[in-house]
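Given next are the chains, with one letter for each unit.
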Amino acid sequence: MLDTLEQHASERGSARPSISEAWSIRAHGLSTRATRRWAAISAGAALFAYLIAGWLLLSNAIVLTGAESTYYALAFFAAPLALALSAVVLLHRSGQLSAPAALLTAVSAIPACAFTAFSAASFSVGFDEADAGLGSGWFGSSTLIFLGLAWIAGTFALVAPASSVLPKIRIAAIRVLLPSLLAAIAVPVVGILIHAGQIIGVMSATTLLVMALRGDPSVRTASKRQYSPILGKDQATILNPRLTRRGYLTISVWAGVSLILGAGCVVFALTGSLISPVARDSTHAMNLGLAAGALAAIPIVIAYGLTLFQRYGAPFLAATLTCCGSLVLESAAQALGADHLMQWPLTLASALLLGTALALPSGRLLPGRGSFRFGVTVALALAASAIGIFIVTMAAFIAPLGAAALFIWSLDKRSKLMQQPNLPMVYPS
C-alpha cells in the first residue's frame, strides 16, 4: 500500500504525497497497530469509567467538591469515547470499516463525546441556577448549542458505520446523502441508549470486552476435549436416569417451596399494612415483605445452582453460595427499614456479591492465563453489580416467577426421563 502511494507521488513529479494520500498512510499505519488488544483495553477503560461514575452517583460522594464534574467527565466523555474506540477497532478488524473510515470515525467521536459532556453539565448548571432563582449564565444557557454541536459531530462519526451497513448505491448523490441521513437519525438514539441510566453502557462495554478477548489469538488457549468410549469425543456425560429423576424431583421441591414462600411474601409486601398488625404502615410492610422475600428466594437459587452444577461443574456451586450470601445481606438491609443509615450500604454490598456470583462462571470461559482471567472476572463482577442493585432490591418479586418456570421445567424433564429406557453410565476421561 505504501509503495503504491509513493509510486503515485513519483508519477506526479512530487516527492511528497498529497493530503489524501498522507491521510491514508497514517490511517493504515495506525490500523496495523490497532489490534484486538487495543479494543479490549478501551472496553475495559469504558467499563471502569462507567462503574466509577455509577458509584459516585449512587453514593454520598457526589456531594463532595469536584465529584459532580468528575461524574460528567467520566459518564459522558471518557466512558462513551473509550466505548466508541473499542467498537471502531472491532469493526475495522472484522472488515466492516476500512482504515481511513475507522480513523475518521475515531477522530469524530472525540468532539461528539466532548460536546455531549458539555451539554449535560450545562443542563445541570442551568437547572441549579433556575432552582436558586439566579440569572442564567452563558454556560447554563448554552445547552441546546452544545447539543447541536454534539449532533453534528456524532453524525460525522456515524457516517462511515452507516455506509458499511447499506447496500452499494450507484448514484453518487444518494450514496452520500443516505448514510448521512441514517447517521443523523441514529445519533440521538445511540446517545439516549448509552446515557440512559448507564446500564446499557455498562452492558455494551462488557460485551465488547468479551468479544475482543475471545477473538484475540494472542490470549486464546486450546480447548480441552473430553472422550467417552461409548459416545466419542466432545459429548456430554450421561448420568444414571434414576439418579437424574431424583435430581429433578429435588429441584422441583426446592422450586415449589420458593414459589409458595415467595408468593406469600409478595402478598404481605403489598397488603401487609391492611391484614397484619405487625406492619406499622405500608412502607414498613414493604420492607418486611422484601426482607422475607429475599430469604424465600434462596431455595430457588439453590435449585438453579443444582441444575447448573450438575451440568457445568464447580464454578456454579461457588456462584450459588455467593448469591445466597447476597440475598442474606439484602434481607438484613430491608429488615433495618428505609430510614436506617445502614440499609443502602448493605444493599450495595449485596449487589457487589450478586455481581460476583454472576461473573464467577465466566472465568473458565475466558482465554488466557489464570491471573488474566481473574482480572477480567473482577471487571465483569463490578459490571454485573451495577445491574445487581436492581435485581437484589426486587428479588422478592422476581423469585416467584423464576420458581414457577423452574418448577414446570423440572417436572417436564422428569416425566420425559421416566419414559426413557435405562442407559449405561458414561464417565468422562
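See the structure shown above.
Everything in this summary refers to the structure shown in the same document. Note that the structure is predicted; figures quoted are calculated from it, not measured. Residue positions within a chain follow its written sequence, with the count starting from 1. The model is predicted, so local features are restricted to residues of pLDDT at least 70 and side-chain atom pairs to those at 80 or more, both for listing and for counting; the totals for chains, interfaces and linings are taken over all residues. For the side-chain quantities, the full set of heavy atoms in the structure was used; hydrogens and water were omitted.

Centres within 6.5 Å make a pair out of two Phe, Tyr or Trp rings, where for Trp the six-membered ring is used; the pair is then stacked when the planes are under 30 degrees apart, edge-to-face when over 60, and tilted otherwise. Within the structure shown, the criterion is met by six aromatic pairs. With centroids separated by 5.6 Å and ring planes inclined at 80°, the aromatic side chains of Trp138 and Phe139 adopt a geometry described as edge-to-face. Remark: exposure states derive from per-residue accessible area (1.4 Å probe, protein chains only) relative to the maximum for the residue type, with buried under 20%, exposed over 50%, and partly exposed in between. The exposed category is assigned to Trp138, whose relative accessible area is 66%. Between Phe139 and Phe146, the aromatic rings sit 5.7 Å apart at their centres with planes inclined by 55°, giving tilted as the arrangement. Phe139 sits in the partly exposed class, given a relative accessible area of 22%. Residue class for Phe146 comes out buried when judged on its relative accessible area of 12%. A network of ring pairs unites the aromatic residues Phe118, Trp138, Phe139 and Phe146 as a single cluster.

Helix axes are fitted only over the stretch in contact, all axes being lines through C-alpha atoms; the angle between N-to-C directions runs from 0 to 180 degrees. Helix and strand definitions follow DSSP, with helices as H or I runs of at least four residues and strands as E runs of at least two, each counted in order from the N terminus. Orientation of helix 12 (residues 314–336) relative to helix 13 (residues 343–359), taken along the N-to-C sense of each, is 165°, at an axis distance of 8 Å. When the axis of helix 12 is compared with that of helix 13, the two are roughly antiparallel. For the element pair helix 12 and helix 13, the recorded crossing hand is left-handed. Residues Ala319, Thr322, Cys323, Gly325, Ser326, Leu327, Leu329, Glu330, Ala332, Ala333, Gln334 and Leu336 of helix 12 pack against Gln343, Leu346, Thr347, Ala349, Ser350, Leu353, Leu354, Thr356 and Ala357 of helix 13. Angles below 35 degrees are treated as roughly parallel, those above 145 as roughly antiparallel, those between 65 and 115 as roughly perpendicular, and all remaining angles as oblique. In this scheme, a crossing is called left-handed if the near helix is turned counterclockwise away from the far one by less than a right angle; it is called right-handed if the turn is clockwise. Any two residues whose heavy atoms approach within 4.5 Å are treated as being in contact.

Take the nonpolar core next. Leu47, Tyr50, Tyr71, Tyr72, Phe76, Leu83 and Leu209 are the most contacted members of the largest nonpolar core, which has 35 residues in total. Residue contributions to this core peak at 10 residues, all from helix 4 (residues 67–93). Throughout, nonpolar core names a set of buried Ala, Val, Leu, Ile, Met, Phe, Trp, Tyr and Cys residues whose side chains join them through atoms within 4.5 Å. Core analysis: the next-biggest nonpolar cluster, separate from the first, contains 20 residues, Ala297, Leu354, Ala357 and Ala395 among them.

For the rest of this paragraph, the subject is the side chain of Gln343. Within the fold, Gln343 resides in helix 13. When its relative accessible area of 14% is taken as the criterion, Gln343 is described as buried. Polar contact is defined as a pair of N or O atoms within 3.5 Å, subject to the rule that within protein one atom must be able to donate a hydrogen and the other to accept it, and that residues adjacent in sequence are counted only when both atoms are side-chain atoms. In terms of polar contacts, Gln343 uses its side chain to reach the backbone carbonyl oxygen of Ala333, at 3.4 Å. The contacts of Gln343, once residues within four sequence positions are left out, are Asn287, Ala333, Gln334, Gly337 and Ala338.

To continue, consider helix 15 (residues 395–418). In this analysis, the expected span of each helix is defined as 1.5 Å times one less than the number of residues it contains. For helix 15, which comprises 24 residues, the first-to-last C-alpha distance of 34 Å matches the rise-based estimate of 34 Å (1.5 Å per residue) to within 8%. Looking only at helix 15, the buried set comprises Ala395, Ala396, Ala399, Pro400, Ala403, Leu406, Ser410 and Leu417.

What follows deals with the environment of Leu213. With respect to the secondary-structure elements, Leu213 resides in helix 8 (residues 199–214). The exposure class assigned to Leu213 is buried, which follows from its relative accessible area of 5%. For the pair Leu213 and Arg37, spaced 176 residues apart in sequence, the C-alpha separation works out to 7.4 Å.

What follows is about the environment of Ile408. Relative to the helices and strands, Ile408 is located in helix 15. Residues Ile408 and Ala255, spaced 153 residues apart in sequence, show a C-alpha to C-alpha distance of 9.1 Å.

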